[in-house]
Amino acid sequence: MRLLFALISMLFFAGFASLRAQRPTISPSVIYPGENVLTISTLSGIRGIRVRIHNPRHAPFVQLRKTGIIDGCPTAREIEMRIEVASEPVLLRVYVETCDGRIDSVNVRLNDTWNLDEVPFPDAEVGEEVCRPFRIYTGRGVYLDSISIPEPQASLRFSFPPPLRIEVGTTYRYNVCFKADKPGIYKFPVITWIQRRQPSGGYTNYPVTDTGVIRVLPKRNTVDLTDIPFDTMSHNNPVSVTDPTTFRSVAIPNAMIPPKGKFFVGSYDLLGLTGGYSVADELLVFAGVAAPLPDDWGGVNGDLFGAWSLGAKLGTQLFGKLNLAAGCHFGQSTLDKEFTPDQVDSRIIVTVPYAAISYGTDDARVSIIGGYAFKQHKRWFEDHPTWGDTLDVFNKDVEFGAFGGDYRFAKHWKVAGEVAYMKTVDVVPIITTIRYFTNRFAIDVGAGYAGIILNDADMPPFPILPIISGVFVF
């Protein structure tokens, strides 16, 4: 009886050992940052190999080669992979289909997870060398083969140079020095090469990469420069150009306010003059005048027409690209005909409160303006059939609205346009221009179309008129 029991036990353990001998093995048993060659072995022969990345977030860091269907049922197969990260716990599950129809799997994981440092350097001038300490700390002992930096302007300084062993719980420190020959922002890798405990495929160490960052300024004795913005990699950027007249579409104001202290003057078709000053970042005051020609003064050599206005606009940025503003104009226009030299034939006094909303940037913006015009008319009648010579005074208040915008299509060029509506005006004028601008002035050349008729008015003899304007900002 005892002999039978012993025989059964020997057969059981022999079968178990045979089963274990048929299961695939992987060497090395861990993977490392950088290149890896894994050898998969099984006595049953290998028909196919596939690898599943346990965490999909790690998929961009893993590159696989030599997997898939395998011919000839070899008992050993090498697969290759590259791991592009040292700071994530990458875990792979390797599935092996053997030639007897079984599918076995083996887990393989990254050997260690490292905390990577980004070390900022103090600002330096061109030609000045600046050094900063870097460190290696690990909870288990490692052997440091070497340290390398691909940036040619950086160098290494050691108290105890590698190769050397870093014991458990100790910190190894070394210095990285940087000396630049031109200004800019430099971001460069510092690669420590750690020895592998299980080398394979000719790979004996693996990279762990920290990062250095430094801003290099021009020499102060050669360039009068107070600061270089930290968000640029270039030291010779071209001068930026912005339209300085973003407070209007063409002629109608929008919701934008120039920066505090800005002053502007402008001319429209050489007859209309305008000027303004930004009292604060949120407040603009301005004035305009359409002066009559000198030979029409007094209404003796033709019809005299003149106008003037004063106004203020208060605005703010609500959020993002959206701006709101409210303003008010007060003005007066005068018409004096030649055949009534002793009387002013028409005078209109107007108060115009309005609101504006603008959306966009200085490169592309649209604006909507709406308001109400309180108008008082004073009109002189000569030989009126009922009242004779008389002055008629009446109010003709009316709402108005306008839409405008501009779009930048080149460094110094924009297209701009606007359309306006007022019930008591017999046309809906549409203006389009091409604008050339620098940081100090903008010149518009275009046309105005007055062919959309209201109030059963007659078509003007010249519905298209040229538009020329120039606005200078100081």
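Rules used throughout
Residues numbered from 1 in each chain as written. Predicted model: local features only at pLDDT ≥ 70, side-chain atom pairs only at ≥ 80, totals over all residues. Heavy atoms only, no water. Phe/Tyr/Trp six-rings, centres within 6.5 Å; stacked < 30°, edge-to-face > 60°. Helix = DSSP H or I, 4+ residues; strand = E, 2+ residues; numbered from the N terminus. Buried < 20%, exposed > 50% of the residue type's maximum accessible area, 1.4 Å probe, protein only. Lys NZ or Arg CZ within 6 Å of the ring centre and 35° of its normal. Core = buried A, V, L, I, M, F, W, Y, C linked by side-chain atoms within 4.5 Å. Disulfide = S-S within 2.5 Å. 1 Å grid on protein atoms, 1.4 Å probe; cavity = no way out; pocket = protein on both sides within 12 Å on 5 of 7 lines; lining within 4 Å. Points joined across faces, edges and corners; volume = space filled by probe spheres on them. Nonpolar A, V, L, I, M, F, W, Y, C, P; charged D, E, K, R; others polar. Salt bridge = Lys/Arg side-chain N within 4 Å of Asp/Glu carboxyl O. Polar contact = N/O pair within 3.5 Å; in protein donor to acceptor, adjacent residues only side chain to side chain. Pairing = 2+ DSSP bridges. pLDDT = per-residue confidence, 0-100. Contact = heavy atoms within 4.5 Å. Axes fitted to C-alpha atoms, helices over the stretch in contact; angles between N-to-C directions.

(A) Looking closely at the packing of aromatic side chains. Scanning the model with the defined rule gives 15 aromatic pairs in all. With a centroid separation of 6.3 Å and an interplanar angle of 45°, the aromatic rings of phenylalanine 121 and phenylalanine 134 are classed as tilted. With phenylalanine 121 in the loop between strand E10 (118–120) and strand E11 (124–125) and phenylalanine 134 in strand E12 (residues 129–137), this residue pair connects regions lying 13 residues apart in the sequence. Classification of phenylalanine 134 by relative accessible area gives buried; the value is 2%. Every member of this aromatic cluster is reached through a ring pair, and the members are Phe121, Phe134, Phe158, Tyr172, Tyr174, Phe178, Tyr186 and Phe188. Arginine 50 extends its terminal NZ or CZ atom over the ring of tyrosine 95, reaching a point 4.2 Å from the ring centre. In this structure, lysine 414 is placed above the aromatic ring of phenylalanine 437, and the distance from its NZ or CZ to the ring centre is 5.7 Å.

(B) Geometry of the nonpolar core. Membership of the largest hydrophobic core comes to 31 residues, with the highest contact counts inside it found for Phe178, Phe188 and Ile214. At the level of elements, E12, strand E13 (142–148), strand E15 (164–166), strand E16 (171–179), strand E17 (184–200) and strand E18 (203–217) are the ones that each hand at least two residues to this core. Within the second largest apolar cluster, 20 residues are counted, among which are Ile40, Val51, Ile70 and Val85.

(C) Structural view of the state of the cysteines. In the structure shown here, the tally under the stated rule is two disulfides. In this model, cysteine 73 is linked to cysteine 99 through a disulfide, with the two sulfur atoms separated by 1.9 Å. Residues cysteine 73 and cysteine 99 are joined through a disulfide that is left-handed, its torsion about the S-S bond being -120°. Of this pair, cysteine 73 sits in the loop between strand E6 (68–69) and strand E7 (76–83) while cysteine 99 sits in the loop between strand E8 (91–98) and strand E9 (103–110), and the two are 26 residues apart along the sequence. The disulfide partner of cysteine 131 is cysteine 177, and the S-S distance across this bridge is 1.9 Å. The disulfide joining cysteine 131 to cysteine 177 has a torsion of about 105° about its S-S bond and is therefore right-handed.

(D) Spatial organisation of the layout of surface pockets. Estimated volume of the second largest pocket: approximately 270 Å³. Surrounding the second largest pocket, 14 residues form its lining, Trp114, Asn115, Ile136, Tyr137 and Thr138 being those nearest its centre. Listing elements by their share of the lining of the second largest pocket, those giving two or more residues are E12 and E18. With three residues, the single largest contributor to the lining of the second largest pocket is E12. Of the residues that constitute the lining of the second largest pocket, the class distribution is five nonpolar, five polar and four charged.

(E) Here's a closer look at unusual backbone geometry. Of note, the amide linkage connecting serine 27 to proline 28 takes the cis form, showing an omega dihedral of -5°. For lysine 66, which is not glycine, the phi dihedral falls at a positive 65°. Accessibility expressed as a relative area gives 45% for lysine 66, which makes it partly exposed.

(F) Structural detail: the pattern of salt bridges. Within this structure, the stated rule accounts for 23 salt bridges. Here glutamate 84 ties to arginine 82 by a salt bridge, and the two come within 2.8 Å at their closest N and O atoms. The exposure class assigned to arginine 82 is partly exposed, which follows from its relative accessible area of 27%. The salt bridge involving arginine 140 is made with aspartate 112; its shortest N-O contact spans 3.1 Å. Of the two residues, arginine 140 is situated in the loop between E12 and E13 and aspartate 112 in the loop between E9 and E10; the sequence distance between them amounts to 28 residues. You can call arginine 140 partly exposed: its relative accessible area is 35%.

(G) Fine view of the side chain of serine 44. Its location among the elements puts serine 44 in the loop between strand E3 (34–41) and strand E4 (46–53). On the basis of relative accessible area, serine 44 is assigned to the buried category, the value being 17%. Of note is the side chain of serine 44, whose polar atom sits 3.4 Å from the side chain of aspartate 100.

(H) Focus on the sheet that holds E4. Spatially, five strands are ordered E2-E9-E8-E4-E6 in an open sheet, and the strand pairing comes out mixed. Each end of this open sheet is capped by a strand with a single partner; those strands are strand E2 (30–31) and E6. Bridge analysis of E2 against E9 gives two bridges, and the strand direction is parallel. Across the sheet, the residue bridging to valine 30 is arginine 109, located in E9.

(I) Region of the structure containing the pairing of E16. Examined bridge by bridge, E12 and E16 share nine bridges and lie antiparallel to one another. Bridged to phenylalanine 134 within E16 is tyrosine 174. Strand direction decides the pairing type here: strand E14 (residues 154–157) and E16, joined by four bridges, are antiparallel. Residue pairing for E16: alanine 154 is matched across the bridge by phenylalanine 178.

(J) Spatial organisation of the confidence of the model for the chain. In this model, the chain carries a mean pLDDT of 85, and residues with pLDDT of at least 70 account for 84%. A low-confidence stretch, residues 1–21 (pLDDT under 50), is modelled with one contact involving residues beyond four sequence positions or located in other chains. Segment residues 231–237 is flagged for pLDDT under 50; beyond a separation of four residues in sequence, or across chains, it makes six contacts in the model.

(K) Just the sheet that holds strand E5 (residues 62–65), in detail. Across the sheet, which stays open at both edges, the four strands sit in the order E1-E3-E7-E5 with antiparallel pairing between neighbours. In the strand order of this sheet, the two ends are held by strand E1 (25–27) and E5, each with one partner. Between one strand axis and the next, the sheet turns by 25° as a mean value, whatever way the strands run. Direction of pairing for E3 relative to E7: antiparallel, over a ladder of eight bridges. Paired with asparagine 36 across the bridge in E7 is methionine 81.

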